[in-house]
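Close look at the chain arrangement
Chain by chain, the residues:
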Amino acid sequence: MDFQLTDDQLQVEDMVRGLSRKEFAPRAAQVDEESRYPAENHRRLAELGLLGMLYPASFGGSEAGPVSYAIALREVAGGCASTGVGMAVTNMTGEAIFRFGTDAQQRRYLPLLSSGKGAGAFALTEPGAGSDAGGLSTFARVDGDGFILDGTKAFITNGEHAIVTIVMALTQKSPRMISAFLVDAGTPGFSVGKREHKMGLKGSDTVSLSFEECRVPKSSMLGAPGDGLKVALSALDGGRIGIASQAIGIARSALSAATGYAKDRSQFGQAIGEFQAIQWMLADAATELDAAQLLAYRAACMKEKGLPYSKEASMAKVFATEAGNRACNAAVQVLGGYGYIREYPVERHMRDIRVTTIYEGTSEIQRLVISRALCR
Amino acid sequence: MVFDLTEEQRMIQETAREFARKEVLPKAAELDETSRFPGELIRQMAELGFMGIAVPEEYGGAGMDNVCYAIAMEEISRACASTGVIMSVNNSLACDPILKFGSEEIKREYLAPLASGRKLGCFGLTEPGAGSDAGSQKTTAVRDGDSYIVNGTKNFITNAPNADTCVLFTMTDKAKSHKGITAFVVDMKWKGVSIGKHEKKMGIKASPTSSIVFEDVRVPAKNRLGNEGDGFKVAMNTLDGGRIGIASQAIGIARASFEDALAYSKDRKQFGQAICEFQAIQWMLADMATEIDAARLLTWRAAWMKDRKMRHSKESSMAKLYSSEMAMRAAVKGVQIHGGYGYIKEYPAERHFRDAKITEIYEGTSEIQRLVISAALLKG
């Protein structure tokens with residue numbers, strides 16, 4: 001048992017925290033206000049090797065490992081949550097290609113993703129297939145030496161800016177067989193639909209994707225035929241550590257804003273931080289966020305060691321995102337009326353963090369994963 | 001960052017788990033029912049080195065680290081929370097302050113018998129009028145030549161009726177308030193020391209709790225821990241460690257609630273299927289398991305920091321606050337999953353429920369933990 005971060009991990013923490021505070025945080029309110037994709041942040045992430053943290057340098061990655069990745073994502077999200085989720089999905093896409101891709105696929109896409117030429121996207125969800133991801137209906141039919149994709153994907157993060165999208169589709173209807181495909185931006189028949197107007201994470205583009213007679217070569221299949229759900233679930237296990245980290249980053253920023261405010265704000269003749277009503281909220285938020293961080297680190301360490309970690313990733317995600325939501329809600333409460341207006345960042349934090357209990361597996365799906373592991 | 005246990009930590013986990021399952025668990029219901037002090041278990045635990053786990057071997061301890069202590073505490077408390085707290089008080093509240101603040105002579109005389117488990121310790125801080133406000137001590141110690149004359153009453157003292165040694169807090173200079181508190185090591189057989197009424201409690205019934213009355217007790221000056229006025233520091237420092245023990249006890253109780261409920265939910269059939277097939281039950285189990293893991297990580301982090309001599313007040317308070325409130329939530333769910341069977345004594349769920357409650361109260365209430373944590377946050 002050793003709770004000390006390595007020197008490399010501390011260095012990543014230091015570097016990314018500096019970057020996020022100096023460059024991302026100051027722009028975050030404006031990015032949110034304008035619902036603008038922060039391309040300049042994406043470029044900076046690429047320059048610092050933060051878009052390919054989970055594969056080796058031979059493919060343009062920085063191979064920093066799951067723990068450093070969790071740290072970096074937390075720090076980025078603490079400054080700008082929209083930038084954080086973009087970074088998370090690009091890293092997740094790259095990792096899936098690294099893990100399941102052919103040599104040609106790896107050589108083609110990984111350097112593009114890590115160098116920030118474009119984002120990566122992951123298209124599993126459909127209008128009728130959310131938590132029940134296996135119920136998707138996008139179909140890929142064999143056509144000569146390729147496939148023709150038909151269907152619609154919904155709520156796809158990075159969808160508009162992606163250079164490559166991992167698309168899950170049925171390759172056989174009975175018995176159902178799902179396979180994964182790598183689809184290039186601009187492929188004829190592949191179009192990006194409307195951009196969703198969201199409660200938070202407004203700088204992150206969330207779109208629907210449609211595939212109409214979209215022809216992709218056989219070589220675009222990621223993994224073997226029928227590997228689609230395996231690819232998806234493996235990516236999501238790692239992704240959940242990422243979303244847990246994102247939530248911790250957002251919530252820590254909210255807690256830090258609330259703590260600062262509690263020291264400055266005077267009411268009834270004293271700083272409101274002198275009142276137990278306020279102290280209690282701060283103490284609970286700090287305690288739960290520390291617990292969340294330890295759960296996320298544990299899952300990341302297990303992943304780093306190559307151990308099975310689905311249950312632990314789900315525990316980290318459900319705990320961190322729910323604790324993070326509570327912390328952000330408490331932060332708004334501590335700031336009172338000022339917590340509800342845009343001059344202070346906590347109202348954005350509260351909107352941004354809300355989605356973390358929903359995407360990459362709702363809290364309900366995490367509890368299913370955990371209880372299945374327990375009741376087995 | 002390494003989440004694996006060391007060889008030694010794994011070993012004590014196995015030893016403690018095995019001992020708890022074979023020797024402690026079968027007796028837990030009877031101990032609770034009869035409110036009987038488990039003397040035979042304490043003797044066996046002494047042989048295993050559990051009564052002074054983090055005390056160096058030269059002072060009769062097992063010479064292991066505080067993570068080992070947390071691990072063993074969890075395992076013993078998993079089987080019997082009463083036995084757990086007897087162990088925790090001896091380790092954290094009796095041995096630890098003597099080790100840290102006692103003179104060499106005092107360590108030889110008092111620590112070695114406590115750490116080896118030949119004798120049992122208790123911790124006399126709380127008074128009828130000094131609970132969370134531990135600084136408002138009324139027990140006095142007045143200097144008289146080479147000794148002090150102690151008068152006063154301590155209450156709610158765990159282990160007191162069976163204790164040989166007490167780490168006692170007194171007021172030596174009332175004008176200085178909490179800076180006028182002084183700690184001593186007191187032999188419970190000394191003239192003027194008497195045990196007051198045994199409390200009847202909701203839970204942890206096999207752990208004896210009583211008041212101690214001190215009437216003109218003569219305590220040699222060499223039995224002082226630290227200097228005059230150091231007492232509050234000794235107490236707070238000691239409780240930083242004690243909270244790791246109670247957090248571990250709480251995790252043990254929560255595990256008992258969880259493991260019993262899990263087993264029950266797999267067996268129990270309603271509406272044609274095992275109740276663990278229902279999401280209503282699955283959700284409770286998933287939350288219990290997740291929160292138990294979170295609590296354990298907070299607790300082991302605090303223990304690890306203590307081992308490295310890092311300041312860990314805030315982290316110990318976080319561990320204690322979270323683990324104890326988590327244990328209460330888990331105990332509520334444990335009873336709920338058992339339904340009517342959770343409310344009767346044939347199943348242990350109701351005992352876990354009663355045992356869990358104390359962890360939110362002693363060694364600093366949840367409210368005191370939140371004060372410690374928020375003070376650290378607002379200072380920064």
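Parameters and conventions
- Residues numbered from 1 in each chain as written.
- Chains lettered and ligands numbered in written order.
- Predicted model: local features only at pLDDT ≥ 70, side-chain atom pairs only at ≥ 80, totals over all residues.
- Helix = DSSP H or I, 4+ residues; strand = E, 2+ residues; numbered from the N terminus.
- Rg over C-alpha atoms; globule rule 2.2 N^0.38 Å.
- Buried ≥ 20, exposed ≤ 12 C-beta atoms within 10 Å, placed from the backbone.
- Contact = placed C-beta atoms within 7 Å.
- Expected span 1.5 Å × (residues − 1).
- Bend = angle between axes of the 7 residues up to and from the residue.
- Pairing = 2+ DSSP bridges.
- Axes fitted to C-alpha atoms, helices over the stretch in contact; angles between N-to-C directions.
- Parallel < 35°, antiparallel > 145°, perpendicular 65-115°, else oblique.
- Left-handed = near helix turned anticlockwise from the far one by under 90°.
- Core = buried A, V, L, I, M, F, W, Y, C linked by C-beta atoms within 7 Å.
- Domains from an automatic or database assignment.
- Nonpolar A, V, L, I, M, F, W, Y, C, P; charged D, E, K, R; others polar.

Along the backbone of chain A there are ten helices and ten strands. For chain A, whose C-alpha radius of gyration is 21 Å, the value lies close to the compact-globule estimate of 21 Å for 376 residues. Overall, the C-alpha framework of chain A stretches about 80 × 45 × 40 Å when taken along its three principal axes. Taking all 376 residues of chain A together, 59% fall into the buried category. Counted over contacts in chain A with a minimum sequence separation of 6, partners at least 24 positions apart contribute 74%.

Here we come to the overall build of chain B. Of the regular secondary structure elements, chain B holds ten helices and ten strands. For a compact globule of 380 residues, the expected C-alpha radius of gyration is about 21 Å, and chain B comes in at 21 Å, within 12% of that figure. Its C-alpha atoms give chain B principal-axis dimensions of roughly 80 × 45 × 35 Å. Of the contacts formed within chain B by residues at least 6 apart in sequence, a portion of 75% connects residues at least 24 apart.

On to helix H6 (residues 231–267) of chain B, then. Working note: α-helix, 3.6 residues per turn, so residues spaced by three or four point in the same direction. Residues and elements named next belong to chain B. The terminal C-alpha atoms of H6, which comprises 37 residues, lie 53 Å apart, in line with the 54 Å expected from a rise of 1.5 Å per residue. Largest kink in H6: about 30°, centred on aspartate 240. The element H6 is largely enclosed, with a buried count of 29 among its 37 residues.

All names here are of chain A. With respect to burial, strand E1 (residues 119–123) is a largely interior element, five of its five residues being buried. Covered by surrounding structure in E1 are Ala119, Ala121 and Ala123 together with Gly120 and Phe122, the residues of both alternating faces. Note: E1 against strand E4 (residues 162–173), five bridges, orientation parallel. Across the sheet, alanine 121 pairs through a bridge with threonine 165, a residue of E4.

Turning our eyes to something else, we now look at unusual backbone geometry. Residue Pro175(A) is reached from Ser174(A) by a cis peptide bond, and omega for that bond is -5°. Checked against the element boundaries, Pro175(A) lands in the loop between E4 and strand E5 (176–184). Even without being a glycine, Ser35(A) presents a positive backbone phi close to 50°. Looking at the element boundaries, Ser35(A) is found in the loop between helix H1 (7–34) and helix H2 (39–47). Not every positive phi belongs to a glycine, and Ile204(B) is a case in point at roughly 30°.

Once that is clear, we can look at the pairing of strand E3 (residues 147–158) of chain B. Residues and elements named next belong to chain B. In this sheet, E3 lies alongside strand E2 (residues 140–144) in antiparallel orientation, the contact comprising five bridges. By the bridge assignment, valine 142 is partnered in E3 with isoleucine 149. Counted along the chain from E2 to the antiparallel partner E3, the turn is two residues long, and its residue glycine 145 has a positive phi close to 65°. Relative to strand E7 (residues 209–220), E3 runs antiparallel, the two being bridged by nine bridges. The partner of threonine 158 across the bridge, within E7, is threonine 209.

The subject of this paragraph is the packing of H6(B) against helix H7 (residues 279–307) of chain B. All names here are of chain B. The contact between H6 and H7 brings their axes to 9 Å, and the two run at 155°. With respect to each other, H6 and H7 are oriented roughly antiparallel. Seen along the crossing, H6 lies across H7 with a hand that is left-handed. Note on element contacts: H7 touches H6 through Ile281, Leu285, Met288, Ala289, Ile292, Ala295, Arg296, Thr299, Ala302, Ala303 and Lys306, opposite Gly241, Ile244, Ala247, Ser248, Ile251, Ala254, Arg255, Phe258, Ala261, Leu262 and Ser265.

Another aspect to go through is the interface of chain B and chain A. Listed as interface residues are 32 residues of chain B and, on the opposing side, 32 residues of chain A. Listing elements by their share of the side of chain B that touches chain A, those giving two or more residues are H6, H7, helix H8 (313–338) and helix H10 (366–379) of chain B. A total of 13 residues in the side of chain B that touches chain A trace back to one element, the largest contributor, which is H7(B).

Let us look at the nonpolar core. Counting residues in each nonpolar core, the largest one holds 251 residues, and the members touching the most others are Phe181(A), Ala258(A), Leu295(A), Ala296(A) and Ala331(A). Here Ala331(A) is in contact with Ala254(A), Leu255(A), Ala257(A), Ala258(A), Gly339(A), Val346(A) and His349(A), once residues within four sequence places are set aside.

This part covers the environment of Asp65(B). Residue and element names in this part refer to chain B. The residue aspartate 65 is located in the loop between helix H2 (39–47) and helix H3 (66–79) in this model. Look at aspartate 65 and you get buried, because 21 C-beta atoms sit within 10 Å. Sequence-wise, aspartate 65 and methionine 310 are 245 residues apart; in three dimensions their C-alpha atoms are separated by 14 Å. When residues no more than four places from it in sequence are discounted, the contact partners of aspartate 65 are Ala54 and Asp307.

Here we take up the domain arrangement of chain A. Accessible area lost upon the coming together of the parts is a frequently used measure of interface size. All names here are of chain A. The domains assigned to chain A are domain 1 (7–119), domain 2 (121–228) and domain 3 (230–375). At the interface, 13 residues of domain 2 touch twelve residues of domain 3. The residue inventory of the side of domain 2 that touches domain 3, partitioned by class, reads eight nonpolar, four polar and one charged.

The next point concerns the domain arrangement of chain B. All names here are of chain B. Segmenting chain B into domains produces domain 1 (7–115), domain 2 (121–229) and domain 3 (232–379). The straight-line distance from the C-alpha centre of domain 2 to that of domain 3 is 29 Å. Taken together, the contact between domain 2 and domain 3 spans 14 residues of the former and eleven residues of the latter. Of the residues assigned to the side of domain 2 that touches domain 3, the class counts are eight nonpolar, five polar and one charged.

Residue and element names in this part refer to chain B. Residue position: alanine 302 is located in helix H7. With 30 C-beta atoms counted inside 10 Å, the residue alanine 302 sits in the buried group. Spatially, the C-alpha atoms of alanine 302 and glutamate 228 are 29 Å apart, while their sequence positions differ by 74 residues. Once you skip the residues sitting within four places of it in the chain, alanine 302 turns out to touch Ile244, His312, Glu315, Ser316 and Ala319.

This next bit is on the packing of H8(B) against H10(B). All names here are of chain B. Two elements in contact, H8 and H10, have axes separated by 9 Å at closest approach and are oriented at 145°. Both H8 and H10 take part in a crossing whose hand is left-handed. Between H8, through Ser313, Lys314, Ser317, Met318, Lys320, Leu321, Ser324 and Glu325, and H10, the contact on the second element is made entirely by Ser366, Gln369, Arg370, Val372, Ile373 and Ala376. Here the contact of H8 with H10 is built from residues that sort into five nonpolar, five polar and four charged.

All names here are of chain B. Over its 29 residues, H7 runs 41 Å from end to end, which matches the ideal 42 Å to within 8%, given 1.5 Å per residue. Most of H7 sits inside the fold, with 25 of its 29 residues counted as buried. Looking at the residues trailing H7, positive phi occurs at lysine 309, about 60°.

Quick look at the environment of Ser136(B) now. All names here are of chain B. Topologically, serine 136 is positioned in the loop between strand E1 (121–124) and E2. Once the C-alpha coordinates of serine 136 and threonine 126 are considered, the two residues, ten residues apart in sequence, prove to be 9.6 Å apart. When near neighbours in sequence (up to four residues on either side) are disregarded, serine 136 contacts Gly129 and Ala130.

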